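Here are the chains, one letter per residue:
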Amino acid sequence: MILYESKNSKVEWLEHEKIVVKTFYDFIYGEEMRGAFEAGFNALVTYHGIKWLSDNRGLKPYRNQDVTWINEDWFPRML
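Calculation rules
Residues numbered from 1 in each chain as written. Predicted model: local features only at pLDDT ≥ 70, side-chain atom pairs only at ≥ 80, totals over all residues. Heavy atoms only, no water. Helix = DSSP H or I, 4+ residues; strand = E, 2+ residues; numbered from the N terminus. Rg over C-alpha atoms; globule rule 2.2 N^0.38 Å. Pairing = 2+ DSSP bridges. Axes fitted to C-alpha atoms, helices over the stretch in contact; angles between N-to-C directions. Contact = heavy atoms within 4.5 Å.

Asks: Would you take a moment to explain the overall build of the protein for this structure?
Replies: The secondary structure content of the protein amounts to 2 helices and 4 strands. Ordered by position in the sequence, the α and β elements of the protein form the string β-β-β-α-β-α. Against the 2.2 N^0.38 benchmark of 12 Å for 79 residues, the protein shows a C-alpha radius of gyration of 12 Å, consistent with a compact globule. Seen along its three principal axes, the alpha-carbon backbone of the protein occupies a region of about 35 × 25 × 20 Å.

So this is what it looks like as structure tokens:
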């Protein structure tokens, strides 16, 4: 099931495996990036997921403020 999709991202839920698959392409930042991360986080919590798989082969560097948000907000909640 597709949880989130935008120009530069797709986040899917693999129900049988209980895995979130996040794919980022090109530059992604701000609300678009946060929406993708939050959709995956919410699926893990809601469906009792066990794994997060990231395909970042096409990803360009994040902006500094997005790295700060990932490290200080999103990642601590994921742990």
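Asks: Explanation requested: the sheet that holds strand β3 (residues 19–26) in the structure shown.
Replies: Paired through backbone hydrogen bonds, the strands of a sheet run either parallel or antiparallel to each other. Strand order across the open sheet formed by 4 strands is β1-β2-β3-β4, with mixed pairing between neighbours. The two strands at the open ends of the sheet, each matched to only one other strand, are β1 (2–6) and β4 (51–59). For this sheet the average axis-to-axis angle between neighbouring strands, irrespective of direction, equals 10 degrees. As paired strands, β1 and strand β2 (residues 9–14) are joined by 4 bridges and run antiparallel to one another. Bridge pairing links Ile-2 to Glu-12 in β2. Helix-sheet contacts for helix α1 (residues 30–47) involve β1, β2, β3 and β4, and the interaxial angle to β1 is about 175 degrees.

Keep in mind that these numbers describe shape and distance, not what the molecule does.
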